[in-house]
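Working through the structure, step by step
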Amino acid sequence: MANKPKGSAAPSGRKLAVRVKTAKSRELSSTLWLERQLNDPYVTEAKKLGYRSRAAFKLAQLDDKHRLLKPGMRIVDLGAAPGGWTQVAIERTKALTSGARIVALDILPFDPLPPADVLHLDFLDPTAPAVLKQALNGEADLVMSDMAAPTTGHRETDHIRIIALAETAYEFAAEVLAPGGAFIAKVFQGGSEKDLLLRLKQDFTTVRHVKPPASRAGSAEVYVVAQGFKKPRVA
Ligand SMILES: C[S@@+](CC[C@H](N)C(=O)[O-])C[C@H]1O[C@@H](n2cnc3c(N)ncnc32)[C@H](O)[C@@H]1O
């Protein structure tokens, strides 16, 4: 298991150190991706601390700022593979000893992360809410979604798909969240998540857009963080 992320602070910056030559068999985009990975301090730090993804730092940073994770909590982690957020949730809720309950779901299979329950399922499958509720066996204190469909390169299409995932995540969250609960979802900056925001502002005490330092500066990714769920649970 990973150590506690001192990593929520930005790892010390490194100058671009590794350049990758474009091989015949490798597209330029793959070469640039590889170069970015090799020079990304969060990738290095994640490896060092035993996190399965650099995304772990995003949740750690969101938690540092907004105090989302507490021992004993019940959490649903949507779009969890390969498990970075789940690892941080396990650590910060002290799930091994506190009785915290973490249900992690992804359309892609990923290795178990006990004591979290890992579900291999498409969240958009009509059976997913029932399967999740059964695994959760009660209310949730936090529903978090880092779900993102593979990008198409077409900004508007990507945006629409990511917002659809966030909206569906909130449909589910509104059914299972306990009063006072929280919801986090990945969205895109400057987009059309107006309906979702309107609903969140009605249902929560505070709603913020947050870009954690570990979220790449060049990406439009941002997280909506809603805290203090007000609405009575839908039966
Ligand atoms: C950015 S990654 C998540 C990284 C993860 N939070 C971590 O810390 O390692 C986005 C994930 O969303 C998942 N995803 C996208 N669409 C999904 C769907 N319909 N149902 C379940 N998972 C989905 C992808 O398979 C991918 O693993």
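Structure's up top.
Source: prediction; values computed, not measured.

Criteria and cut-off values
Residues numbered from 1 in each chain as written. Predicted model: local features only at pLDDT ≥ 70, side-chain atom pairs only at ≥ 80, totals over all residues. Heavy atoms only, no water. 1 Å grid on protein atoms, 1.4 Å probe; cavity = no way out; pocket = protein on both sides within 12 Å on 5 of 7 lines; lining within 4 Å. Points joined across faces, edges and corners; volume = space filled by probe spheres on them. Helix = DSSP H or I, 4+ residues; strand = E, 2+ residues; numbered from the N terminus. Nonpolar A, V, L, I, M, F, W, Y, C, P; charged D, E, K, R; others polar. Buried < 20%, exposed > 50% of the residue type's maximum accessible area, 1.4 Å probe, protein only. Polar contact = N/O pair within 3.5 Å; in protein donor to acceptor, adjacent residues only side chain to side chain. Contact = heavy atoms within 4.5 Å. Core = buried A, V, L, I, M, F, W, Y, C linked by side-chain atoms within 4.5 Å. Pairing = 2+ DSSP bridges.

Brief notes about the layout of surface pockets
- What the largest pocket holds in volume is close to 1,400 Å³.
- Contributing to the lining of the largest pocket are 48 residues, with D146, M147, A148, A149 and K186 lying nearest its centre.
- For the lining of the largest pocket, the secondary-structure elements that each account for two or more residues are α1 (28-38), α2 (41-49), α4 (84-92), β2 (101-106), α7 (155-176) and β5 (177-188).
- When residues of the lining of the largest pocket are assigned to their parent elements, the largest contribution, six residues, is made by α7.
- Its residues assigned to classes, the lining of the largest pocket comprises 26 nonpolar, eight polar and 14 charged.

Section: the side chain of T86
- Turning to its location among the elements, T86 is positioned in helix α4.
- In this structure T86 comes out as buried when scored by relative accessible area, which is 0%.
- Separated by 2.6 Å, the side chains of T86 and D77 make a polar contact.
- Residues contacting T86, with those up to four places away along its chain left out, are D77, A80, I102, A104, L113 and A116.

Some thoughts on the nonpolar core
- With 38 residues, the main nonpolar core has L78, F123, L132, V143, Y170 and F183 as its most contacted residues.
- Secondary-structure elements contributing two or more residues to this core are β1 (74-78), β2, α6 (128-136), β4 (140-145), α7, β5, α8 (194-203) and β7 (221-229).
- Here this core gets 10 residues from one element, more than from any other, and that element is α7.
- If sequence neighbours within four positions are ignored, L78 has contacts with L105, F123, L132, V143, M144, S145, D146, M147 and A169.
- Counting 34 residues, the second-largest nonpolar core is a separate cluster that includes A55, M73, A89 and Y223.

Looking at the pairing of β1
- Among the five residues of β1, four are classified as buried, and the element is accordingly described as predominantly covered.
- The pairing of β1 with β4 spans four bridges and is parallel. Paired with L78 across the bridge in β4 is S145.

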